[in-house]
Amino acid sequence: MQAAPGFTNYRWEPATGLSNPHIPNPVCNATQSRWYRVRMWSTGPDAPCEQTIPVFVTVHDLPRAIGSRTGFSLCHNASGSIEIDSIGGAEPYTFLLNGTPAQGPTLNGLSAVDYKLMVTDTHGCTWDSLYNVPSISVTTAAFSASPIEGELPLNVTFQNQSTQSNAWLWYANDALFSNEEHPF
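The rules behind these values
- Residues numbered from 1 in each chain as written.
- Predicted model: local features only at pLDDT ≥ 70, side-chain atom pairs only at ≥ 80, totals over all residues.
- Heavy atoms only, no water.
- Pairing = 2+ DSSP bridges.
- Helix = DSSP H or I, 4+ residues; strand = E, 2+ residues; numbered from the N terminus.
- Axes fitted to C-alpha atoms, helices over the stretch in contact; angles between N-to-C directions.
- Salt bridge = Lys/Arg side-chain N within 4 Å of Asp/Glu carboxyl O.
- Buried < 20%, exposed > 50% of the residue type's maximum accessible area, 1.4 Å probe, protein only.
- Phe/Tyr/Trp six-rings, centres within 6.5 Å; stacked < 30°, edge-to-face > 60°.
- Lys NZ or Arg CZ within 6 Å of the ring centre and 35° of its normal.

> With reference to specific residues and values, describe the sheet that holds strand S4 (residues 65–71).
Reading across from one edge, S4-S6-S9 is the order of the three strands in this open sheet, with antiparallel pairing throughout. Each end of this open sheet is capped by a strand with a single partner; those strands are S4 and strand S9 (106–110). Across this sheet, the average inter-strand angle for adjacent strands is 10 degrees, counted without regard to direction. As paired strands, strand S6 (residues 80–87) and S9 are joined by four bridges and run antiparallel to one another. Each residue of the ladder has a partner; that of Ser81, found in S9, is Asn108.

> Could you give me a rundown of the pattern of salt bridges, with the residues and numbers involved?
All chains considered together, the criterion is met by five salt bridges. For the salt bridge of Glu83 with Arg69, the shortest nitrogen-to-oxygen distance reads 3.7 Å. Taken together, the positions of Glu83 in strand S6 and Arg69 in strand S4 put the pair 14 residues apart, joining distant regions of the chain. Classification of Glu83 by relative accessible area gives partly exposed; the value is 28%. You can call Arg69 partly exposed: its relative accessible area is 39%. The residue Arg69 makes a salt bridge to Asp85 at a minimum N-O spacing of 2.9 Å.

> Before we move on, can you summarise unusual backbone geometry with the specific residues and values?
The step from Glu91 to Pro92 runs through a cis peptide bond, and the omega angle for that step is -5 degrees. When you line up the elements, Pro92 lands in the loop between S6 and strand S7 (94–97). Ser146 connects to Pro147 through a cis peptide bond whose omega is -5 degrees. Mapped onto the elements of the fold, Pro147 is located in the loop between strand S13 (143–146) and strand S14 (157–160). Phi angles above zero are rare outside glycine, and Asn98 is one such case at about 50 degrees. Within the element layout of this structure, Asn98 appears in the loop between S7 and strand S8 (100–102). The class of Asn98 is partly exposed, set by a relative accessible area of 45%.

> Could you give an account of the packing of aromatic side chains, with specific residues and numbers?
Pairs of aromatic rings are described using the distance from one ring centre to the other and the angle between the two planes. Per the stated rule, a full pass over the model turns up four aromatic pairs. Measuring from ring centre to ring centre gives 6.4 Å for Phe7 and Tyr10, while their planes differ by 80 degrees; the resulting arrangement is edge-to-face. Residue placement shows Arg34 over the ring face of Tyr36; its charged tip is 5.7 Å from the ring centre. The lysine or arginine in question, Arg39, covers the ring of Trp41, its NZ or CZ lying 3.8 Å from the ring centre.

> Could you give an account of the sheet that holds strand S2 (residues 34–41), naming the residues involved and the relevant values?
Taken together, the three strands give an open sheet; going across it, the order is S1-S2-S3, and neighbouring strands pair in antiparallel fashion. The sheet terminates laterally at strand S1 (9–13) and strand S3 (51–57), the two strands that pair on one side only. Sheet twist, expressed as the average angle between the axes of neighbouring strands with direction ignored, equals 20 degrees. Pairing between S2 and S3: seven bridges, direction antiparallel. Note on S3: the bridge partner recorded for Arg39 is Thr52.

Set out below in C-alpha cells:
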C-alpha cells in the first residue's frame, strides 16, 4: 500500500493485516477484502494540510483445486492422468506441469512419476500441489508347451511367456505341481 509522500506522520486504520500502521507504505497481508484509511499529517507552520484517504484492498481467492484425483499409468505407458474437479480463484487459468505449459484441468497422457502442478489465475494468484501418478502393471499370463502331443508317457516342457509377472503357480489336474518360473 502507498500513501502520498511529504508527510511526517502516517496512521493506517484498521491496522489488521498491516506490517506497520505508522509508515507510508506498509505491507498488507489481509485475509479478506476491506476498506482502510490512511491519515497523513505534518506539524509546523509550512506543513501541508492533513489528509485522510480511503483505500480499498481486494483479496482474491486462491486458484486452489477443489477435488482432484490421479489415474494410473498402465504398464509404464504414458496413460496416467491428473483430474481437477473445480478451481477457486478467477478464470482464465494457466497451468504448468513440472514447469511446462499444460492444458488443464484434466491432464492426460502422463507417465508414472511425480508431478508439480502450478495453477495461475487471471489476477496472477498462484497455487501449486504435488501429484504422484502411480503405475499399475497388467500381467498377461502366457505359456507354451512342447511337444503338444505324443505317446504315453509324454514328457512336456512348459515355457513361461508371461509379462509383468513375478510369481507363478503351475497346476495339473487341479493339483499344484510347481511355483517356479520354469518348472521343467
